[in-house]
Amino acid sequence: MRVSMAWLQEFVQTQIPVNDLAEKLSMAGFEVESIEDLSKLAIGVVVGYIEEVEKHPNADKLRVCKVNVGIQDSLQIVCGAANVRNDIHVAVATEGTNLPAKGLKIKESSLRGVKSQGMICSLDELGLNSTIDGILVLEDLEKTIPKLGSPIIDIIGLNDIILDLAITANRPDGMSMVGIAKEVGAITNSVITIPKYSNNIIYKSLNSKEFEPNIIGNDGIFSITLVDGVDGNIPSTKIIRKRIQAAGI
């Protein structure tokens, strides 16, 4: 069970340091197998803006980009992504940046004879699973883009710490954020606030003419749920994306 500290703190008001909380959870039966600071995946990665894109003189699949990252002089970055283009905001790993997800340290280099002063990143290079083929285009995530040079971690949900818990078979309550929040509230003597949701689902009984006791079993309950009107082209909200990513999905 991957527990997002940012999400957990919405449910339980505790100021206990993460390492101390991990120890208390382990002593309570929820062994903390690892503590992962997601921000370390993108320290030094900032918001940039591609001002110009030109063909690389010595490589058909490479482009030479002029990228503004909020400093006096724009950077020249060579990029091979198919979706790189003018007038988009991107995630830029500046010189000296470490990208743990790929084991890279960014430094000025020469790619086929052209100087490159950084790296325009994909989500995969920032340690996040993605089906996007190419670099991260911030306009695809946000309507309002932060100023150039701002850290990228807030935008893509990496301003978080994840506790990876080993949940034993006798504690299924630990398989939910609400269950963990209640446990944390108990072991730290902290106030918990669980939102109340209204349930306005309309139920209809299915008057089946046939009954198969061998299939259904004694006291069995079967239900069917229909979900319609879903548009797969509409992206989930930022908070939903962040929580799903933090859960490792």
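Here the structure is a predicted model, which is why all the values come from computation and not from measurement.

Engineer: Help me understand the pairing of strand β4 (residues 45–55) in this model?
Structural biologist: In summary, the side chains of a regular strand alternate between the two faces of the sheet. In terms of strand pairing, β4 meets strand β7 (residues 89–93) through five bridges, oriented antiparallel. Bridging across to β7, Y49 finds its partner in H89. In this structure, β4 lies alongside strand β5 (residues 63–68), joined through six bridges in antiparallel fashion. By the bridge assignment, Y49 is partnered in β5 with N68.

Engineer: What is the right way to read the pattern of salt bridges from this model?
Structural biologist: Where charged atoms from two side chains of opposite charge come close, those side chains can pair. Taken as a whole and judged by the stated rule, the model has six salt bridges. Linking E10 and R243 is a salt bridge whose minimum nitrogen-to-oxygen distance equals 2.5 Å. Residue E10 is found in helix α1 (residues 5–11), and its partner R243 is found in helix α5 (residues 238–246); the two are separated by 233 residues along the sequence. Residue class for E10 comes out partly exposed when judged on its relative accessible area of 42%. In this structure, the salt-bridge partner of E183 is R171, at a minimum N-O distance of 2.9 Å. Here the residue E183 occupies a position in helix α3 (residues 177–188), and R171 occupies one in the loop between β13 (161–166) and α3, the gap between them amounting to 12 residues. For E183, a relative accessible area of 14% corresponds to the buried category.

Engineer: Would you mind going over the packing of aromatic side chains with me for this structure?
Structural biologist: Both the distance between ring centres and the angle between the ring planes are used here to describe each pair of aromatic rings. For the coordinates displayed, the defined rule picks out one aromatic pair. Geometrically, the ring pair formed by W7 and F11 is tilted, given 6.4 Å between the ring centres and 45 degrees between the ring planes. Taken together, the positions of W7 and F11, both in helix α1 and four residues apart, correspond to about one turn of that helix.

The rules behind the values
Residues numbered from 1 in each chain as written. Predicted model: local features only at pLDDT ≥ 70, side-chain atom pairs only at ≥ 80, totals over all residues. Heavy atoms only, no water. Pairing = 2+ DSSP bridges. Helix = DSSP H or I, 4+ residues; strand = E, 2+ residues; numbered from the N terminus. Salt bridge = Lys/Arg side-chain N within 4 Å of Asp/Glu carboxyl O. Buried < 20%, exposed > 50% of the residue type's maximum accessible area, 1.4 Å probe, protein only. Phe/Tyr/Trp six-rings, centres within 6.5 Å; stacked < 30°, edge-to-face > 60°.

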